[in-house]
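One-letter residues, chain by chain:
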Amino acid sequence: MKTCLVVDDSSIVRKVARRIVEALGFHVIEAEDGVEALVHCKKAMPEAVLLDWNMPVMDGFQFLGTLRRMPGGDEPKVVFCTTENGIDHITKAMGGGANEYIMKPFDKDIVLAKFQEVGLVAREEETAA
C-alpha cells in the first residue's frame, strides 16, 4: 500500500485529507509542521506528500527544499495544498520541486484529479483497459 504524508498545522485539514486520501487507497501519516514531516521521511520515504505552505516551525516551502535534498527525496510526489493562490507562490512551489498545486478548500474530486495527474492513482480509463 502506498503511503501519503499529510503535512498541515490544522488538525481539521489533516482529518479531512486523511479521509479523502485513505479512500483513494493510501496509508496516511500526519505531521503538523515541516520538522515533524522530515522525521517521518527519514524513517520511511512516502510515495506522496500533501503539503500546506503556511505552518509554524518549518513551512511547506522550507520542508520541500530539505526533502528534495535528502537521499530518495526526489521520489515522493508532492502536492501543495494551500490558501496561497498568487502566481508567484505557485511558480515558487513548482520551481522548488512540487509536482502539483491545489487550493483550499479542496474535496475528493480535486485530490483525485491531482493524484491522477502526477501518477499516484490510475485514471479510470487506464484501469478499464
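Residues numbered from 1 in each chain as written. Predicted model: local features only at pLDDT ≥ 70, side-chain atom pairs only at ≥ 80, totals over all residues. Heavy atoms only, no water.

S.K.: Any chance you could break down the overall build of the protein for me, citing the residues and the numbers?
M.R.: Assigned secondary structure in the protein consists of six helices and five strands. The order of helices and strands in the protein, counted from the N terminus, is β-α-β-α-β-α-β-α-β-α-α. Over its C-alpha trace the protein gives a radius of gyration of 14 Å, about what one expects of a compact globule, namely 14 Å for 129 residues. Reported as C-alpha extents along the three principal axes, the dimensions of the protein are approximately 45 × 35 × 30 Å. Split into buried and exposed, the 129 residues of the protein put 42% on the buried side. Taking contacts inside the protein between residues at least 6 apart in sequence as the whole, the part at least 24 apart equals 58%. Treating the 15 positive side-chain charges of the protein as one cloud and the 21 negative ones as another, the clouds have centres 3 Å apart. (Helix = DSSP H or I, 4+ residues; strand = E, 2+ residues; numbered from the N terminus. Rg over C-alpha atoms; globule rule 2.2 N^0.38 Å. Buried < 20%, exposed > 50% of the residue type's maximum accessible area, 1.4 Å probe, protein only. Contact = heavy atoms within 4.5 Å. Lys, Arg positive; Asp, Glu negative; His and termini not counted. Charge placed at Lys NZ, Arg CZ, Asp CG, Glu CD.)

S.K.: Pulling in residues and values, what's your account of empty space enclosed by the protein?
M.R.: Using the criterion set out here, one finds one cavity of 30 Å³ or more in the structure. Counting only elements with at least two residues in the lining of the largest cavity, the list comes to β1 (3-7), α1 (11-23) and β3 (48-51). Across the lining of the largest cavity, the residue classes break down as eight nonpolar, no polar and two charged. (1 Å grid on protein atoms, 1.4 Å probe; cavity = no way out; pocket = protein on both sides within 12 Å on 5 of 7 lines; lining within 4 Å. Points joined across faces, edges and corners; volume = space filled by probe spheres on them. Nonpolar A, V, L, I, M, F, W, Y, C, P; charged D, E, K, R; others polar.)

S.K.: Which residues make up the side chain of Thr 82, and what values go with them?
M.R.: Relative to the helices and strands, Thr 82 resides in strand β4 (residues 77-82). Taking the relative accessible area as the measure of exposure, Thr 82 reaches 0% and is therefore buried. Setting aside its immediate chain neighbours within four residues, Thr 82 contacts Asp 52, Trp 53, Asn 54, Tyr 101, Ile 102, Met 103 and Lys 104.

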